[in-house]
Amino acid sequence: MEERARVPPGLPRPCPTVSYWQDPPADIADLRTTAELPAKADYVVVGSGISGAFIAYKILCKQPKASVVVLEARQAASGATGRNGGHTKAASYRSFVDHEKELGLDEAMRISRLEYANIVATHDFARKHGIRCDSNSCDTVDIIYSQTHLDAGKEAIRRMREAMGEDDPAAQYRVFNAAEARKIFRTPSALGAFQYAAGSLSAYAFAIGVLKLALGKGLNLQTNTPAESITFTDKSGRTIWSVQTPRGCIETPNLVLATNGYTAHLVPQMQGLIVPLHGQVVAQRPGLGMPQTGLPDTYSFIHETGYEYMITRPPLTLDEGTIIIGGGLWQLPNSGASRYGETDDTSLEPTITKYLRDCTSGFFGSHWGPDHASGRIRKEWSGIMGASADGLPYVGAMPDMPGLWISAAFNGHGMVWCLKVAEALVEMMVGDEGEQRAVDEWFPRSARMSGERMGRRFMGRKDLRAPGEGGFGERGRP
């Protein structure tokens, strides 16, 4: 695993697989607001996914006259945002016990509440601004196939309710026994289930919508313009960052890296702190025994050593009922260690491909029915996530690098972190003293970038478990 953590990420590959969400591409997919790359800007953001898009939008809301440039290596929102499974799902109970043990109760509660608040904020923002992304606030259910995880989940939920209060929305769960789970959720082999608030949407369409809002406020978007390297100089006592691209250089006093799994390409100090993780997703037609307009809940399927995550496209949307399912990393040797350090999203891993194609009919058993006459598979694709050394994103000012900011390494959980992280980061960057104190009241201190966190490194397989893979209380930190 240490060897995988040392693999340089490089730049995003040309000609990646095309995700379900990106077909067809958005009308601004290849937009360059200006024909030439500006020579300088007040703020430069590298990365145009949800994180980068929302950071740019929030800067322009607070400083309408600022010049803000977003650089994207490929098409707009073509990284992890445009390639995920469409889930807004926290599963905070699966990390709460670890967080309390390692970080303290206050931090564990802050993280859980942030994740819940981020889900609510994402869907509220889409509705308020009329972003057409098939936003669907609904319940989710974790179907449990491991007695170990079932018992630990019940204990974690009990502890969350005890610590946070049963009325806290972030601590509200329903627990189902085997008979109930099998009947209600059509899963004949379930040992039990946990149900709680979540949602689904097209993260690609959401990010495109945010970019369009930012463009309306003056954003300069430069797609197909990879940031090849960054350097800094001192000009009249002020640090100025230079971003080198194939189309020239742009200078800024404020550089934000929303580069997730690719961050170490620009900041070598992050090698071994952020490790890329190659994931796969498939879109498939439901069996004829399943509801053809979608299930009321989203799903995860939790095994002893791995998991899958699944949504169905909600009623009255394009391809309503279509199943989007990802995961399967645990089907590979060493729990998928070979997928870490891998940034080739132009390809699919054959073992995972076969598993994701076949697993849904196994989960739902006789409820699945015959396959659709048009075949099961609609689309298959891959994407690159960013795994951090301590399981939390890196947010804030880079130590000893004035003017360099980071929002990266979401560990496959960007949909329950990105908006609130962007909100906090922009307040850290441009907020007044009162606004910065307000952020301190709710943002997890453990997610802030620091010299101490930069001293951590991956220490074997436990630190590289994907969300939901590790046993409760087992995640190690150096």
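Here the structure is a predicted model, which is why all the values come from computation and not from measurement. (Residues numbered from 1 in each chain as written. Predicted model: local features only at pLDDT ≥ 70, side-chain atom pairs only at ≥ 80, totals over all residues. Heavy atoms only, no water.)

Here we come to the state of the cysteines. Per the stated rule, a full pass over the model turns up zero disulfides. With no disulfide partner, Cys138 has as its closest neighbouring cysteine sulfur the one in Cys133, 13 Å distant. Free cysteine Cys418: the closest other cysteine sulfur is in Cys133, separated by 14 Å. Exposure remark for Cys418: the relative accessible area of 7% places this residue in the buried category. (Disulfide = S-S within 2.5 Å. Buried < 20%, exposed > 50% of the residue type's maximum accessible area, 1.4 Å probe, protein only.)

Before going further, it helps to examine the side chain of Gln22. With respect to the helices and strands, the residue Gln22 is situated in the loop between helix H1 (2-5) and strand S1 (43-46). Look at Gln22 and you get buried, because its relative accessible area is 7%. In this structure the side chain of Gln22 is engaged in a polar contact, spanning 3.1 Å, whose partner is the backbone nitrogen of Ser19. Residues contacting Gln22, with those up to four places away along its chain left out, are Thr17, Ala77, Ser78, Gly82, Arg83 and Tyr204. (Helix = DSSP H or I, 4+ residues; strand = E, 2+ residues; numbered from the N terminus. Polar contact = N/O pair within 3.5 Å; in protein donor to acceptor, adjacent residues only side chain to side chain. Contact = heavy atoms within 4.5 Å.)

Bringing the layout of surface pockets into the picture now. It is the rolling of a water-molecule-sized probe over the atoms that shows where space remains empty. Space inside the largest pocket adds up to approximately 580 Å³. Lining the largest pocket are 23 residues; nearest its centre among them are Trp21, Arg132, Ser202, Tyr204 and Ala205. Elements supplying a minimum of two residues to the lining of the largest pocket: helix H7 (203-216) and strand S16 (377-388). Broken down by element, the lining of the largest pocket gets its largest block of residues, six residues, from H7. The residue makeup of the lining of the largest pocket, split by class, is 12 nonpolar, three polar and eight charged. (1 Å grid on protein atoms, 1.4 Å probe; cavity = no way out; pocket = protein on both sides within 12 Å on 5 of 7 lines; lining within 4 Å. Points joined across faces, edges and corners; volume = space filled by probe spheres on them. Nonpolar A, V, L, I, M, F, W, Y, C, P; charged D, E, K, R; others polar.)

Glancing now at the packing of helix H10 (residues 418-430) against helix H11 (residues 433-442). Contact geometry for H10 and H11: axes closest at 8 Å, N-to-C directions at 145°. The element H10 and its partner H11 pack so that their crossing is left-handed. Contacts from Lys420, Glu423, Ala424, Glu427 and Met428 in H10 reach Glu435, Gln436, Val439 and Trp442 in H11. When grouped by side-chain class, the residues that make up the contact of H10 with H11 number four nonpolar, one polar and four charged. (Axes fitted to C-alpha atoms, helices over the stretch in contact; angles between N-to-C directions. Left-handed = near helix turned anticlockwise from the far one by under 90°.)

Looking now at empty space enclosed by the protein. Overall, the coordinates contain two cavities of 30 Å³ or more when judged by the stated rule. If you add up the space inside the second largest cavity, you get close to 100 Å³. Along the walls of the second largest cavity sit Ala90, Ala91, Ser92, Ser112, Tyr116, Ile119, Pro169, Ala170, Gln172, Tyr173, Tyr196 and Ala197, which together make up its complete lining. When residues of the lining of the second largest cavity are traced back to their parent elements, those giving at least two are helix H4 (105-128) and strand S6 (192-200). Counting residues per element, the lining of the second largest cavity draws most heavily on H4, at three residues. Here the residues of the lining of the second largest cavity are counted per class, giving nine nonpolar, three polar and no charged.

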